[in-house]
Amino acid sequence: MEDFISHWAKFQSQFPNIMRFGLSVAGAIAILVFGWFTARWLRGGIRNSRFGGSHIDATIRPVFASAVFYVILAMTIYAFLVELGVAPASLLAVFGAAGLAIGLALKDTLGNIASGVMLIAMRPLQVGEFIETPSFSGTVQEIGLFATTVKNLEGLFIYIPNGYVWNNRLQNFNRHTERKLIVDIGVAYDTDLKAVQELLLATMAANPLVQSLPTPPECHVMNFGDSAITISNRCWMPAADWLKNASDMRMALKAALDKKGIEIPFPQRVITTKSA
């Protein structure tokens, strides 16, 4: 009985401390839950244009949303630990050491973040533009904090690390309203080159999409191959609907040659045999 009374007395004396610890734990959990849901809510709102609307560029929006999410998450974890009684000075030291260790371990990932920042700042590509790298091509869907998402011609989504996009050759097909079409055609050696040149120039000029600026249509003899003389046809056309317009022009050039009976020769070899 005396042991029970002594334990009960100790419990009563420690009860305020237990209550304070319980309230700290409950408050810390509440901070963690509230911060987590707030970060997710803000990230989703920025991504879906609920916050900022048209004032935030579609190219910047995913990176900005991710940055807001991770900043709020870091602040939430800091507040959670402080509420549990961890000294702020100790937390700063721990976070500094952890940041250094994480930076060394995840240098490639941090490199992707830095490349993403450079892509946003320099703007070599934007959402909706068609790009080509040495290994990938497609329409940019999103420039994220770690990777760029493109949709290729087959409708497949490709996730490319930002470091790869920044460190490799990047060709952007949407920065200009017009593009130069170059079509090389081979004709036989007995063809009247002057007549072919006039025919091909007239065919290009007859197309209403062909532009006279920056330069009018051109037709040049480029080289003498093994089986044909190569003629290069060049003209400026609108960049919109490029594949269709370029295909139509190639078919028009082929039809013009066929109408005049001008042959596009197959590769040929002349073999001479000598009797012993």
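Placed above this text is the structure.
Report on the accompanying structure. (Residues numbered from 1 in each chain as written. Predicted model: local features only at pLDDT ≥ 70, side-chain atom pairs only at ≥ 80, totals over all residues. Heavy atoms only, no water.)

Cis rather than trans, the peptide bond between Leu213 and Pro214 has omega equal to 5°. Secondary-structure assignment places Pro214 in the loop between helix H6 (193–206) and strand S7 (218–224). Unusually for a residue other than glycine, Arg123 sits at a positive phi of about 55°. Considering the arrangement of structural elements, one finds Arg123 in the loop between helix H4 (107–122) and strand S1 (130–132). Even without being a glycine, Asp241 presents a positive backbone phi close to 55°. (Helix = DSSP H or I, 4+ residues; strand = E, 2+ residues; numbered from the N terminus.)

Once that is clear, we can look at the environment of Gln197. Along the chain, Gln197 falls in helix H6. On a C-alpha basis, the gap between Gln197 and Val221 in space is 8.6 Å, while along the polypeptide they are 24 residues apart. A distance of 2.7 Å separates a polar side-chain atom of Gln197 from the backbone oxygen of Cys219. (Polar contact = N/O pair within 3.5 Å; in protein donor to acceptor, adjacent residues only side chain to side chain.)

The next subject is the sheet that holds S1. Spatial ordering of the open sheet is given by S4-S3-S2-S1-S5, a layout of five strands whose pairing is antiparallel. A strand with exactly one partner marks an edge of an open sheet, and here the two such strands are strand S4 (157–161) and strand S5 (171–172). The pairing of S1 with S5 spans two bridges and is antiparallel. Within the sheet, the bridge partner assigned to Ile131 lies in S5 and is Asn172. (Pairing = 2+ DSSP bridges.)

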